[in-house]
Structures are given as structure tokens and as C-alpha cells.
Amino acid sequence: PLSPTVSRFLQPVLVYSSTPIHSIDSAVRATETDDETPLEENPNCVSFVATIGNQVVGVVSLDRKVTSTERLAWCKANMALDEYLDTDKHRTRNQAMLLALAMNPVFMPQARFLLKETMRLFDKSVIYYEAAPDTYVPRVILQHLVPVKPRKRESLAPGQKEIYPFSDHAAPGATGVTLHFLSKRLLSEPKIVVNTRIVVVGASATAAAFLEQLLFTPYIQFSSVTLVSPGGLPKPPPDLKDLLDGSETKAATPLTSIDEDMPTQLYLDSLGLGHRIRCLETRLVDIDRESKALELPDNAVLPYDVLVLTDTLMDSTANMLTEGLDEGEVQQEGLARTVNGDVVRGYASLSTPQLNKVVKTCMGELGETDPVVVYGSTLDALAVVTGLLDMGVNSSCITLVRPGWGPNYANGASLGDAKVDDMLDAALAEAGVDCYSDLTLVGVDGEEGVLTTAVFTKEADSPGAEPETVSMACRMLLSSHAPDIRPTLFTALNSSGLVYDGRLVVGLDMQTSDPAIFAGGDLTKFSRRQRRAMYHNYYNAASVGKHLATCVLEAVDPLATAIAMPPSLPAPMVGDDGRERVGAGGESKAGAEGEGAIDVA
């Protein structure tokens, strides 16, 4: 192919490209001050153009001044740059920051040649590119530069935010930046473009780890990765100050419990997932395995080559109170169906992706003396009580209903330690929060479209007697009890014929019964053949996500090698009496010795 001629650009020009014009034009104009400095004297800012004949087909602008020793030291300390680049072999004067890069789409294959000639003429061995979370990153940069993973940093105190210390054109006021680089050695090693359509459902901590492991494969550029999630990109729960638009609260804590497996917002901003994937803030309705497509609301269709299910479990109370209602309207408006079939507002499940919006709307309609009921025996239910108190809700207006809680129930819920349970009960009593553990929610009631009553049943004192119905005044109901799969997702899995046995069943390679569908996280489990395996929500979500990405890479990476899987347990032998016959160590004696079996049941 015809190669363009690359030369230094010394006159301002308006460049037309898919990149916003003002960013390219401002970057080129910023280099005017060093036009009189020759390249041999290493000017601070410089621009180059690629021309074919009399036509400009590309432009690139670099700034050497911003790559100071202090800034490079910060990058090495906060980014895992040493995993990709031996920084000690590159002098500071031979490194520069890429300000802008634009190419005529017709000549896009020549972008790497433009970068190569630019680094040769400007005598640079490494160039970097920084981007704030909400800025546009040209696809040509993602295709040719290598992204750098951020390092794990210490957790900040509630309410504190770390600001990027270098306030310049790259990230003004940003909390975190995404760093890309390209060295001379990598100029001869172009990325492999993988056009496999990968669709990820769910924005859980598992999804965050999966996307990180997948997208930061240094030699691959994924051109089509889509995330389907009603709440958008993965993110930790916001602080109460964010929920109340910066209003003063007693503490800047989240409304729900903190997921230790979910990365911090600073870390997620530094990953820059929004630059590399397409995010659809919608929900899954059905799966068409034959056509390899997802059905979305409003009859929209999303095709896929590889489908990855990483959704979280949701509060099972919502299944009962929102039966027959549109899931999207429930999550956005806080709707519930009463025992009489009417629809009222004032209910929010703590597992909904739109929790902040719903709680903010309900709090705006809540009076100073209106009662609030929190239902559930999970840690989120306890955390939301603290959140309500911090938001200024009177403790006398809060009622906590924890079904099955306490020592009087054989399998009752607790925090795992009797002393901790006693301390919690004492703290709730001291705060003035009413608590009940013998009530079970069965429905709600309301007037004129507003929630007014929560309906419970109470266990009978004598055996055989019918439970007593208890009505409790309630203007806002928050629930988090017995997490389970989302009803719409269960319907989609069931109708598509995927194996579901309490959880979605996957193999050791994280594949479902369909080779094109992978899954991992709270939603999944291994088959009963792996008799000692627990549900995957008991495992570290980050580890599950990374293993899931490794398995998907084996299917889509043309350079991948087969993963050595541990041997699965043999199928158990069953005798004539129906009892399982196994030998020591879980191995079938018939399989080990060829014949015979020892009954150890």
C-alpha cells in the first residue's frame, strides 16, 4: 500500500475527523509556541502531519514537557507500568505524551506507520496517552497503544476522594486516569484484532474482574464487547452525600453494605472500561440460542458470538411484591403491587440497580413522622438502618423486621457470633429502632397510589393454629431478604434450555450446556458431580471473574493454549439398594480396582 509522507507541521490547521474538532485543533495550536525550535533541540510541543500528494490524511501532536520526572514517578507508583515496560532503559527526554491523534478513515491502516515515523523524527522511545473517565478516546489509540492496569491502592476514609495530582489537559479534576503507552519495540508487534461479539450480562464484581482480565490482554484489541446492565458500568454503592446531592450527613457511608470484592471507584475509573466497551443500560428478556441473540425490551435484538452471564442475585421479596409489573418501571419508580392488585409507589429492593434514584424519590415524599419499615435478615438490611439514621430519619419512625433472627430459632439468621449479635441488638435498642423477628411479610396495601401499610403474618403460639395477620403502618418499605435469581433471567434460562439446579450449572471451564454461553459469579455452581463444591457466591468474586476471563480467552484468542483443568470426580456407583458406594478419598472402588465395592455409607 502507498505509505504517507510524515513531516513536522508548523502552521495551524483545522483537522476534520471523527474526534471532536476542538480537541484536535487545540492540540495542534498548542504546539505553535515551539515552531521555531528545531527537532534536534527537543522542543516541548510538536505536531506532525501525514500527507499523500497534497492531501493531509493524518495528524499527531505530542508534548514532552508533561512527561516530567515527577509525573513518570507517579505513573510507576500508581500504574503497573513495570509489568509492560522497563522504564529504567528509557531516558526522560525520550518520552512524550500523546495529545491528539487523528487519521482519515480511508487511511486508518497507516496509523501505526504515522506513529513510527513520529517517534523516529522526534527521537522518542516511548509515548503515553492519558484519558479521564468521561472523555472520548479515539479508536485508533485503543487499537495501537497498550493499556496499563492500575495498582491496588489503600482504601480512603469515607467521604474522601483522591484527585489526580496533575491538573492539565489530560485529566482536569479527574479522580483517576487511564494510561496507555507505545514503545519502539512494540511498533513491530501490532495487536491482534478479535471481532468476536462478546456480550456480558450483569455489572457485578465478577463482571468487573472479568472485563479487566479480558480487555487488558496486551496483544489483543477486542472490537465488540457489550455490557448489558440496567445500572450501567460496574460501580460500588455511592456515599450518602452523593445520594443527597452533597447535603450534610452524620457520615459519608454507603446506603448498603460494602462489597469487598468490588473495586473502588478510583480503581474502576483508572481501568477506563467506558472507553473500551459499549454499555447498554437495559435488561435481558430472553435468550435465543439458535440464532445467538438476546431479546431486550421493546423487541430489540442483540446478537452475540460469546455470551457471558455474570448477574448478581436479587432480593426475593421483590419477586412477591412486583409480580406482573414491568421490571424496568419497578426499578426506576419504586412500584409494588398490593394484596388487592393495585399498584403503589414507595417500595425499593436494596438489590435494585436504581436504588439511589428510588430512595431519593421516596425520601423527597417522606414526611418527618412517616414510618419506614426495613425488612430482611441480610447485612444490607442492617446497613440501610444506619444509612437512614445518617440521612436524618427519626429512629422512632424506623422499624426493622428480621424474620427468623435470634436464638429462639434453630436455623435463625445471625452475624455468626453470639456476642456480636448481642452488641447489635443493644445498639439498635439504644438508637430507638423497633425490631421484630417473628413476622413474615406477605404483602402491602396503599391508598391513591401511595404505600400506606405492610402486611405480615405472625407464627401461632400453639401447633396447628392459623398464623395471625399483622398490619403495620408504612410509608416507605426497603427489603433485602433471601437473595435469589432475578425472575426475568430465570425465565430466559429456563426457556432456552440451560441447566439450572438451584443455580446455573457450569463446568470447570465455566461453560454452560451451550458452548457459546459462559457464566460465573453469584449466579452459578458446579454440577453435582463435583460433590464438595459450594455455590460460587461463596468464592472471591475477583478470582471467579479472572478464571472466567481465562476460559473465554481460550475460546476467542487465536494464540491461546488449552487450560489444564483438574480431573473431575468419577461418577458414584449406586448399589441395588439405591445407596451410593464409594471408596476412601471419594473414588469408586469399582473404578480403582476394576470390580467390587466397599459400602462405607
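Remember, predicted model here, so these are calculated numbers, not experimental data.

Criteria and thresholds
- Residues numbered from 1 in each chain as written.
- Predicted model: local features only at pLDDT ≥ 70, side-chain atom pairs only at ≥ 80, totals over all residues.
- Heavy atoms only, no water.
- Patch = residues over 30% accessible without salt bridge, like charges linked within 9 Å, V, L, I, M, F, W, Y side chains within 5 Å.
- Areas by Shrake-Rupley, 256 points an atom, 1.4 Å probe, with all protein chains shown as cover.
- Salt bridge = Lys/Arg side-chain N within 4 Å of Asp/Glu carboxyl O.
- Buried < 20%, exposed > 50% of the residue type's maximum accessible area, 1.4 Å probe, protein only.
- Phe/Tyr/Trp six-rings, centres within 6.5 Å; stacked < 30°, edge-to-face > 60°.
- Helix = DSSP H or I, 4+ residues; strand = E, 2+ residues; numbered from the N terminus.
- Lys NZ or Arg CZ within 6 Å of the ring centre and 35° of its normal.
- Expected span 1.5 Å × (residues − 1).
- Core = buried A, V, L, I, M, F, W, Y, C linked by side-chain atoms within 4.5 Å.
- Contact = heavy atoms within 4.5 Å.
- Pairing = 2+ DSSP bridges.
- Axes fitted to C-alpha atoms, helices over the stretch in contact; angles between N-to-C directions.

Q: What exactly am I supposed to notice about a nonpolar patch on the surface here?
A: Nonpolar side chains collect at one region of the surface, where Met534, Tyr535, Tyr538 and Tyr539 lie side by side and expose about 420 Å² of accessible area between them. We classify Tyr539 as partly exposed; its relative accessible area is 35%.

Q: Sorry, what's going on with the packing of aromatic side chains here?
A: What describes a pair of aromatic rings is the distance from one ring centre to the other and the angle between the planes of the rings. On inspection of all chains with the given rule, the structure shows four aromatic pairs. Summarising the aromatic geometry, the rings of Phe48 and Phe122 are spaced 6.3 Å apart at their centres and angled 55° between planes, so their arrangement reads as tilted. In this pair, Phe48 sits in strand E2 (residues 45-52) while Phe122 sits in helix H3 (residues 111-122), placing the two residues 74 residues apart along the sequence. Geometrically, the ring pair formed by Tyr375 and Phe456 is tilted, given 6.1 Å between the ring centres and 45° between the ring planes. Of this pair, Tyr375 sits in strand E21 (residues 372-375) while Phe456 sits in strand E25 (residues 450-458), placing them 81 residues apart in sequence. Taking NZ or CZ as reference, Lys124 lies 4.4 Å from the ring centre of Phe122, over its face. The cationic tip of Lys152 hangs over the ring face of Tyr267; the distance from NZ or CZ to the ring centre is 4.1 Å.

Q: What's the story with helix H12 (residues 379-390) in this structure? I'm lost.
A: Because each turn of an α-helix spans 3.6 residues, side chains separated by three or four positions in sequence point in the same direction. For H12, which comprises 12 residues, the first-to-last C-alpha distance of 17 Å matches the rise-based estimate of 16 Å (1.5 Å per residue) to within 8%. Here H12 has its buried residues at Ala381, Leu382, Ala383, Val384, Val385, Gly387, Leu388 and Asp390. Two residues or fewer after H12 comes Gly392, characterised by a positive phi angle close to 100°.

Q: Which parts of the structure should I look at to understand the nonpolar core?
A: The biggest cluster of nonpolar side chains holds 100 residues, and the ones touching the most others in it are Phe181, Phe222 and Leu294. Broken down by element, the residue count for this core peaks at eight residues, all from helix H15 (residues 541-556). Leave out the neighbours within four places in its chain, and Phe222 touches Val194, Ile198, Leu214, Leu215, Leu553 and Val556. Grouped together as the second largest cluster of nonpolar side chains are 26 residues, Val374, Met391, Val393 and Met476 included.

Q: Could you clarify how one ought to interpret the sheet that holds strand E30 (residues 517-519) in this entry?
A: Two strands in a sheet stick together by hydrogen bonds in their backbones, pointing the same way (parallel) or opposite ways (antiparallel). The strand order E12-E11-E9-E16-E30 describes an open sheet built from five strands, whose pairing is parallel. Of all the strands in the sheet, the pair left with one neighbour each is strand E12 (278-280) and E30. In this sheet, adjacent strand axes meet at a mean angle of 20° when their direction is disregarded. The sheet contacts of helix H5 (residues 205-215) involve strand E9 (198-201), strand E11 (225-228) and strand E16 (306-309), and relative to E9 the element is tilted by about 160°.

Q: What's the story with the sheet that holds strand E5 (residues 126-131) in this structure? I'm lost.
A: Strand order in the open sheet formed by seven strands is E1-E2-E3-E4-E5-E7-E6, with mixed pairing between adjacent strands. Each of the sheet's edge strands pairs with one partner strand only, and the pair in question is strand E1 (5-9) and strand E6 (146-148). If you compare each strand with its neighbour and ignore which way they point, the axes differ by 35° on average. Contacts from helix H2 (residues 69-78) reach strand E4 (95-103), E5 and strand E7 (178-183), with the element oriented near 70° to E5.

Q: What's the story with the pattern of salt bridges in this structure? I'm lost.
A: Where charged atoms from two side chains of opposite charge approach closely, those side chains can pair. Counted according to the given criterion, the structure contains 14 salt bridges. Glu189 serves as the salt-bridge partner of Arg185, at 3.2 Å between the closest nitrogen and oxygen. Its relative accessible area of 51% is what places Arg185 among the exposed residues. According to the relative accessible area criterion, Glu189 is partly exposed, its value standing at 42%. Taking the shortest distance from any N to any O, the salt bridge between Lys458 and Asp438 comes out at 3.8 Å. Linking Lys458 in strand E25 with Asp438 in the loop between strand E23 (434-436) and strand E24 (439-447), this pair joins segments that are 20 residues apart in sequence.

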